[in-house]
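Letter by letter, the chains look like this.
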Amino acid sequence: MNAVVLLGPPGAGKGTVAEVLVDKGYRHVSTGELLREQIRLGTKLGLEAKTLMDQGQFVPDDVVVGMIRDLIESVDSGSMFLFDGFPRTLVQAEKLDELISDLCGTLKNVFLLECPDDVIVSRLSGRRTCSKCGAVYHTAFNPPSDDDGCDQDGCELVQRADDSEATIRKRLLVYAEQTAPLIDYYTNKGLVDTVDATQSIETVRNAVLEYIA
Ligand code: AP5
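Cut-offs and rules
Residues numbered from 1 in each chain as written. Predicted model: local features only at pLDDT ≥ 70, side-chain atom pairs only at ≥ 80, totals over all residues. Heavy atoms only, no water. Helix = DSSP H or I, 4+ residues; strand = E, 2+ residues; numbered from the N terminus. Rg over C-alpha atoms; globule rule 2.2 N^0.38 Å. Buried < 20%, exposed > 50% of the residue type's maximum accessible area, 1.4 Å probe, protein only. Contact = heavy atoms within 4.5 Å. Lys, Arg positive; Asp, Glu negative; His and termini not counted. Charge placed at Lys NZ, Arg CZ, Asp CG, Glu CD. Near = heavy atom within 4 Å. Polar contact = N/O pair within 3.5 Å; in protein donor to acceptor, adjacent residues only side chain to side chain. Areas by Shrake-Rupley, 256 points an atom, 1.4 Å probe, with all protein chains shown as cover. Nonpolar A, V, L, I, M, F, W, Y, C, P; charged D, E, K, R; others polar. Domains from an automatic or database assignment. Axes fitted to C-alpha atoms, helices over the stretch in contact; angles between N-to-C directions. Parallel < 35°, antiparallel > 145°, perpendicular 65-115°, else oblique. Left-handed = near helix turned anticlockwise from the far one by under 90°. Expected span 1.5 Å × (residues − 1). Arc of directions from axis to C-beta. Phe/Tyr/Trp six-rings, centres within 6.5 Å; stacked < 30°, edge-to-face > 60°.

Asker: I keep staring at the overall build of the protein chain and nothing clicks. Help me out?
Answerer: Each helix and strand counted, the protein chain has 9 helices and 8 strands in total. Whereas a compact globule of 213 residues would reach a radius of gyration of roughly 17 Å, the protein chain reaches 16 Å, a difference of no more than 12%. Judged by the C-alpha coordinates and their principal axes, the protein chain covers about 45 × 40 × 35 Å. Within the protein chain, the fraction of its 213 residues that count as buried is 44%. Put simply, 72% of the contacts in the protein chain that link residues at least 6 apart link residues at least 24 apart. With 21 positive and 34 negative side-chain charges, the protein chain shows a spacing of 2 Å between the two charge centroids.

Structure below.
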């Protein structure tokens, strides 16, 4: 098992970059998307997570690590994983190291998408997501070709509940407190490749692909 991690503040473009790595054979694992799936299914886990997510708070480490462990153990051991939004705390990073080590795998790269707060607020305020497949758009920077729906399946595009400006600001604070320390954690392991995420979507994607090549 090999893995790469997409690290960066909310709205830096992790999900948008992930699309090109999926084309390269990576299995995209977004903990945010896994949690939203639990919310859509109306499970107990989903209901508990929704309250925290709507407030811009993190879901407890043991819940998220449990989801990741179940997923890793349920797929082919030769898979290449692309973790998006995980790990998000030092505890999660240490647990991921343990999971990878148990499977004799390697964490190959940590891509750090750097983006200032003002750009993030504008990106998340204009983000629209397909209500069915989760495809991500932006009203100005990455609009769907047909205003009425998703390019892939025609379904309705919606705004995420946590994309209000007040919640975005809260998420940025939580990122600074709990996730930014991972930059040093992975830098000390020599794993961090930094990308200027303020550039165009195509330029950011190409920068990540160059590191992978
Ligand atoms: P999650 O879904 O992971 O949200 P996030 O990390 O806040 O990241 P986003 O999905 O908001 O942004 P992104 O970086 O993927 O940007 P995107 O590509 O969409 O998590 C949500 C919540 O779940 C968390 O707050 C927490 O509660 C919980 N959670 C999740 N994981 C957890 C964990 N491990 N532990 C505990 N709790 C967890 O792009 C954003 C917008 O910008 C889009 O509109 C896009 O079109 C546009 N855009 C992207 N790139 C560019 C560009 N280069 N130029 C112009 N526009 C661009």
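Asker: Could you clarify how one ought to interpret the site of the ligand in this entry?
Answerer: Around the ligand there are 37 residues in total, and Thr 16, Gln 57, Arg 88, Arg 127 and Arg 171 lie nearest to it. Note that a nitrogen atom of the ligand is positioned 3.1 Å from one of the backbone N or O atoms of Val 59. In the model, an oxygen atom of the ligand is placed 2.7 Å from a nitrogen or oxygen of the Tyr 137 main chain. Look at the ligand: alone it shows 1,000 Å² of surface, and the protein chains cover 96% of it. Mapped onto the shell around the ligand, the elements with two or more residues apiece are helix 1 (14-23), helix 2 (31-41), helix 6 (117-125), strand 6 (136-138) and helix 9 (201-212). Its residues assigned to classes, the shell around the ligand comprises 16 nonpolar, 13 polar and 8 charged. For the shell around the ligand, the domains that each give at least three residues are domain 1 (2-115 + 176-212) and domain 2 (117-163).

Asker: What am I meant to see in the packing of helix 2 against helix 4 (residues 61-74) here?
Answerer: Helix-helix packing is characterised by the crossing angle of the two axes and by the distance between the axes. At a minimum axis separation of 11 Å, helix 2 and helix 4 run at an interaxial angle of 95°. The orientation of helix 2 with respect to helix 4, classified from their angle, is roughly perpendicular. The segment helix 2 lies against helix 4, with Thr 31, Leu 34 and Leu 35 engaging Val 64, Met 67, Ile 68 and Leu 71. Taken together, the residues of the contact of helix 2 with helix 4 break down into 6 nonpolar, 1 polar and no charged.

Asker: How should the packing of helix 2 against helix 3 (residues 44-54) be read in this particular structure?
Answerer: With their axes 7 Å apart at the nearest point, helix 2 and helix 3 run at an angle of 120° to one another. If you check the angle between helix 2 and helix 3, you find them oblique. Considering only the axes of helix 2 and helix 3, their crossing is left-handed. On helix 3, the residues touching Gly 32, Leu 35, Arg 36, Gln 38 and Ile 39 of helix 2 are Leu 45, Gly 46, Ala 49, Lys 50 and Met 53. Grouping the constituent residues of the contact of helix 2 with helix 3 by class yields 5 nonpolar, 3 polar and 2 charged.

Asker: Looking at this model, I keep getting lost on helix 5 (residues 90-102). Mind explaining?
Answerer: Side chains that are three or four residues apart share a direction in an α-helix, a result of its 3.6 residues per turn. In this model, helix 5 (13 residues) spans 18 Å end to end at C-alpha, consistent with the 18 Å of a helix rising 1.5 Å per residue. Along helix 5, the positions that sit buried rather than exposed are Gln 92, Ala 93, Leu 96, Leu 99 and Ile 100. The buried side chains of helix 5 occupy one side of the element, clustering within an arc of 120° when seen end-on. Looking at the buried side of helix 5, the elements it contacts are strand 1 (2-7), helix 4, strand 3 (80-84), strand 4 (106-114) and helix 8 (181-187). Trailing helix 5 by a residue or two, Cys 104 shows a phi angle of about 55°, which is positive.

Asker: Sorry if this is basic, but what is going on with the packing of aromatic side chains here?
Answerer: Note on aromatic pairs: each is described by the distance of the centres and the angle between the planes. In total, this model carries 4 aromatic pairs according to the counting rule given. Summarising the aromatic geometry, the rings of Phe 81 and Phe 83 are spaced 5.6 Å apart at their centres and angled 5° between planes, so their arrangement reads as stacked. Phe 81 gets classed as buried once you look at its relative accessible area, which sits at 1%. On the basis of relative accessible area, Phe 83 is assigned to the buried category, the value being 0%.

Asker: Help me out: how do you make sense of the side chain of Gln 92 in this one?
Answerer: The residue Gln 92 is located in helix 5 in this model. There is a polar contact of 2.9 Å between the side chain of Gln 92 and the backbone nitrogen of Arg 88. Here Gln 92 is in contact with Asp 61, Val 64, Val 65, Phe 86 and Pro 87, once residues within four sequence places are set aside.

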